[in-house]
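Residue-level listing of the chains:
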Amino acid sequence: MSERPSTASPSDDPEYAPPTPVMPVPTFRGRRRSNAHDENGSSSIPVTSLAAGPLTTTKTALVRGEPEHGTLLRGGKPLRPAAEKSSIPFPTSSGPAPPVLTATHAGFADIAYRLLNAPRSPSKAAASSSSSSSSPGIGRGPRPSATKTKPRGQDGQKRAIAQASRPLWRALEAKGKLVIAATLEYELLGTLPYGGTMVTPGMLREGLLKADTAYHAWVGAKRAIEERPGGVWDIAAILKKAMQFYLVELGVSMLERVDGPHYTFINPKFHDDMSWMVRQAVRLVRLFVEKGISRDRIVVTIPSTEAGVQAARTLERKHHIQTNLSLVSGLAHAAACAEAEASCITLCYKELSDTYGRKPTSNNPFIRAWEAMYGFSRKAADEAVQETVAYFNLHKLPTAVLVSSLLNVDDAERLGDFDAVALTGAQSLRARAPSSSVAPSTTGSSAKQRAKEAPHPTTYLESSDGSFLSAMPSDQRTVAKVTLAEGLKDAMEQMHQATMHMLEFIQGEAQLAHLDDVGLQKIYEEDEKEVARLSSLVDTGDSEEPLVPIRWDDVGFRMRMSTWDKPDQLPYRA
């Protein structure tokens, strides 16, 4: 190890000035005191630091700059401007000079200070207190803690920080909020006290993969094949009817288990065709009525595009069909839907959170990192839902507000006084369990203020073509377009996969219908050869992979490969 080189002392060189050392790691509760603070007691050195005083939490959400328009507030506090000229007096001792905190450092320290002092749940606060008491960590010294002195009972035991409360489901019922079943688990549908049922494109595809619900798809396909006009195998027409029959059969099976409304939907692929959506909604309701279901229990879900809002107004006024406009993005969008007299609107929490997560609020990388860690997108989605609910309650609008696609079931307690919430099977079980920490259902003052400042009544649908998006404030118009685009993209993908599954079955039925006895025998012979090839691979221990799909469940194939007294004893089964 080499010796440390000698340094000149102040007495050797009259021009000597000690260099300014690297800024030491500051604590987040205040700036660090160096030796120069003690030795230069009479010296006043301006050092840029964190502002003193209580920390106020900045709410990052959709706020209104003017009563008629909304602006997007940038997340986090703006960085403090650097001093125009810093005058640091010559030190009077040889001790290290005080740290010089630049504007960039101050901004970063400000973000870190707010992040560490953000409100935390009691469980996290207790865990942080216990860990900090044993190991303060690098760059941290002893600091006061809000949980340092905990109250104790008469027995000397520490009191519990959070006590178990009533289940979330009971809290929702006590406030008159309906719980809508967004699940195909028949056991839950028959036991839990749901207030209604819902089917989505994703659930339609999920139903094809479960034995008890795939039966309804088989019934729908068989009915579409039998009712084909003139016996013509028009695959496209048969497929369209089969999907509608499957949707109705699935909805009827849910309505038999749960009282209340049923939310069905039309194909999101045609979200820009108003006349098509009107015709399909009327046909869907007619199919439910043919099954003995009252039309008052059917609510047709339509995307809240410009054509969808016009279709909802036509269905409500002319056909007296209840509609639910989905993928609503915020207050102005919801006001346009209410102007169309829709029976219900749906705020999809996940899609809203994803939209705000994609929307940049600052070019500063430190602020963007802080927003990602602090959950800016979820906070903005919370306030979008809260201000919409506050607006509808303030003006007593007849349109009901439904919240769906929750990321966490506990989110339902803090989103305001909505009318209904859609829960999946897993979320329903979680809502029935006792909760240790349930956030209060409160609406922030800023959300209420924006609801009061929003214009009412609105005139978004006065244009003849129904293009209400252009009349919305620019920032809310952007959020609405992104929410609709991403939500429709996912819904159309789920619908496409379910349709392809149904198409495969219909094509197989069409192929069998056009085969005579000789052709059908040749197909089964090919299947038999494939089974023999796979069986030989299994016997030799090699990996087997079918080259063609084998018709295991066809009666003709099973007659060739097995006997009726032992139908399950096949030589090979994938």
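Trainee: Where do I start with the overall build of the protein in this structure?
Mentor: Helix and strand content of the protein: 19 helices and ten strands. In the protein, which comprises 574 residues, the proportion classed as buried is 41%. If you take every contact in the protein between residues at least 6 apart in sequence, the share linking residues at least 24 apart comes to 70%. Carbon and sulfur atoms provide 53% of the accessible area of the protein, an area that totals close to 31,300 Å².

Trainee: Just to check I follow, could you spell out the sheet that holds strand 3 (residues 178-181) for this structure?
Mentor: Strand pairing in a sheet relies on backbone hydrogen bonds, with the paired strands running either antiparallel or parallel. Pairing within the closed barrel is parallel, and its eight strands lie in the order 3-4-5-6-7-8-9-10. Between one strand axis and the next, the sheet turns by 30 degrees as a mean value, whatever way the strands run. Pairing geometry for strand 3 and strand 4 (residues 196-198), over two bridges, is parallel. By the bridge assignment for strand 4, A181 is matched with T197. Relative to strand 5 (residues 262-265), helix 8 (residues 235-255) is tilted by about 170 degrees, and along the sheet it contacts strand 3, strand 4, strand 5 and strand 6 (298-303). Here helix 9 (residues 274-290) sits on the sheet and contacts strand 5 and strand 6; the angle it forms with strand 6, its principal contact strand, is near 155 degrees.

Trainee: Which parts of the structure should I look at to understand the pairing of strand 6?
Mentor: Here is the key point about a regular strand: its side chains alternate between the two faces of the sheet. Within strand 6, six of the six residues are buried, which leaves it mostly tucked inside the rest of the structure. Where burial is concerned, the two faces of strand 6 agree: the one with I298, V300 and I302 and the one with V299, T301 and P303 are both buried. Across four bridges, the pairing between strand 5 and strand 6 is parallel. Residue pairing across strands places H262 opposite I298, the latter belonging to strand 6.

Trainee: Before we go on, may I ask you to explain the pairing of strand 7 (residues 322-326) in this structure?
Mentor: For strand 7, the buried fraction is high: four of the five residues fall into the buried class. Where strand 6 and strand 7 come together, five bridges link them in parallel fashion. Within the sheet, the bridge partner assigned to V299 lies in strand 7 and is Q322. For the crossover from strand 6 across helix 10 (residues 306-319) to strand 7, the handedness is right-handed. Both strand 7 and strand 8 (residues 344-348) contribute to a ladder of two bridges, which runs parallel.

Trainee: Can you help me understand unusual backbone geometry in this one?
Mentor: Trans peptide bonds make up most of the peptide bonds, and negative phi angles are found at most residues other than glycine. In this model, H456 is joined to P457 through a cis peptide bond whose omega is 0 degrees. Examined against the element boundaries, P457 turns out to sit in the loop between helix 16 (445-453) and helix 17 (474-513). Here the phi dihedral of L327 falls at roughly 60 degrees; this positive angle occurs in a residue that is not glycine. Secondary-structure assignment places L327 in the loop between strand 7 and helix 11 (331-339). One non-glycine residue, K396, lies in the positive phi region at around 55 degrees. Among the structural elements, K396 can be located in the loop between helix 14 (376-394) and strand 9 (400-404).

Trainee: Would you mind showing me how to read the packing of aromatic side chains here?
Mentor: Aromatic ring pairs are described here by two measures, namely the spacing of the ring centres and the angle between the planes. The final tally for this structure, using the stated rule, is four aromatic pairs. Above the face of the W169 ring, R432 is positioned so that its terminal group lies 5.1 Å from the ring centre.

Trainee: Just checking my understanding: could you explain the confidence of the model for the protein for this structure?
Mentor: Parts of the prediction with low pLDDT should not have their coordinates interpreted in detail. The share of residues in the protein with pLDDT of 70 or more is 63%, and the mean pLDDT across the chain is 75. In the model, residues 97-103 has pLDDT below 50 throughout and makes 24 contacts with residues more than four positions away in sequence or in other chains. Segment residues 123-148: pLDDT under 50, and 14 contacts once partners within four positions in sequence are set aside and those in other chains are kept.

The rules behind these values
- Residues numbered from 1 in each chain as written.
- Predicted model: local features only at pLDDT ≥ 70, side-chain atom pairs only at ≥ 80, totals over all residues.
- Heavy atoms only, no water.
- Helix = DSSP H or I, 4+ residues; strand = E, 2+ residues; numbered from the N terminus.
- Buried < 20%, exposed > 50% of the residue type's maximum accessible area, 1.4 Å probe, protein only.
- Contact = heavy atoms within 4.5 Å.
- Areas by Shrake-Rupley, 256 points an atom, 1.4 Å probe, with all protein chains shown as cover.
- Pairing = 2+ DSSP bridges.
- Axes fitted to C-alpha atoms, helices over the stretch in contact; angles between N-to-C directions.
- Right-handed = clockwise from strand over helix to strand, strands pointing away.
- Phe/Tyr/Trp six-rings, centres within 6.5 Å; stacked < 30°, edge-to-face > 60°.
- Lys NZ or Arg CZ within 6 Å of the ring centre and 35° of its normal.
- pLDDT = per-residue confidence, 0-100.

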